[in-house]
Protein chains: 2
Amino acid sequence: MSFRTHLESVVNQVDGSLACSVMGFDGIAVDTHQNEEAIELDLNGAWIEYANLLSQLRQAAEVLKTGEVQEVSINSERVLTLMRLVSPEYFLVLALRADGNYGKGRYVLRLTAPRIRAEL
Amino acid sequence: MSFRTHLESVVNQVDGSLACSVMGFDGIAVDTHQNEEAIELDLNGAWIEYANLLSQLRQAAEVLKTGEVQEVSINSERVLTLMRLVSPEYFLVLALRADGNYGKGRYVLRLTAPRIRAEL
């Protein structure tokens, strides 16, 4: 199973999905599955910013007592963004419309992260 | 009703709550309600880091097409942290144990933010 198949499967399972991607902490997407709505929203611009913040967070987390950061979510007026750590270099990101199924999104990312990790 | 009363009410309503606070984007808490478990985890250290990231995010969001950031969540091994924008200067933050009621936490923060805003 390729990355793309996993990403398509996430988008198909979660209502309101716009796009799902495997990204490096350098902000470069390894692979992406997105629909037309996602292209209009220029999600890539947002994700590059988020990757930068996420890598800062991981550094901050090293000195915190709350344990390693595993999941981050950034929700704006039009788009909900869920990110989940896959490995020390990569994370999964899923963008949903504001009315998308957020709980299902979290659940499906949690299941998918170890499958992606196994193929890295 | 004081800030403290609202914060206590959030902690009482959400199972697994550790602490709830009104914070400025400068990382300084205006008011906090926390239990003993929260003190051990040194949540303040985490929150100051998160406030810094949140203020960067808001600046980034200005150039994005996804709309203003309203809610951010940072989930680590031991603690789930939900943050919700109250005003351009302040946000609400709720920390939960990893097995806390995350969905209820999001819901209660959404209801509480406008009540806090009305008293700022």
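Residues numbered from 1 in each chain as written. Chains lettered and ligands numbered in written order. Predicted model: local features only at pLDDT ≥ 70, side-chain atom pairs only at ≥ 80, totals over all residues. Heavy atoms only, no water.

What follows is about the packing of aromatic side chains. Residue and element names in this part refer to chain A. A complete count under the given rule lists 3 aromatic pairs over all chains for this structure. Between F25 and F91 the ring centres are 5.1 Å apart and the planes differ by 45°, which places this aromatic pair in the tilted class. Here F25 is found in the loop between β1 (17–24) and β2 (29–34), whereas its partner F91 is found in strand β5 (residues 90–97), with 66 residues between them in sequence. Per residue, the accessibility class of F25 equals that of F91, and both read buried. (Phe/Tyr/Trp six-rings, centres within 6.5 Å; stacked < 30°, edge-to-face > 60°. Helix = DSSP H or I, 4+ residues; strand = E, 2+ residues; numbered from the N terminus. Buried < 20%, exposed > 50% of the residue type's maximum accessible area, 1.4 Å probe, protein only.)

This part is about the interface of chain B and chain A. Contacts between the two partners involve 30 residues from chain B, matched on the other side by 30 residues from chain A. In total, chain B and chain A occlude about 2,800 Å² of area from one another, counting both sides; carbon and sulfur atoms represent 56% of this. At the boundary of chain B with chain A, the tally comes to 0 salt bridges. Linking chain B with chain A are 9 residue pairs in polar contact (both at pLDDT 80 or more), by the criterion used here. Ranked by the residues each element gives to the side of chain B that touches chain A, the list is headed by helix α3 (residues 43–61) of chain B, at 9 residues. When its residues are assigned to classes, the side of chain B that touches chain A shows 13 nonpolar, 8 polar and 9 charged. Where strand β3 (residues 69–76) of chain A and strand β3 (residues 69–76) of chain B come together, 7 bridges link them in antiparallel fashion. Opposite V69(A), over in β3(B), you have S76(B) as the bridge partner. (Contact = heavy atoms within 4.5 Å. Buried area = accessible area lost by both parts, 1.4 Å probe. Salt bridge = Lys/Arg side-chain N within 4 Å of Asp/Glu carboxyl O. Polar contact = N/O pair within 3.5 Å; in protein donor to acceptor, adjacent residues only side chain to side chain. Nonpolar A, V, L, I, M, F, W, Y, C, P; charged D, E, K, R; others polar. Pairing = 2+ DSSP bridges.)

Don't take any of this as a statement about function, it's just geometry.
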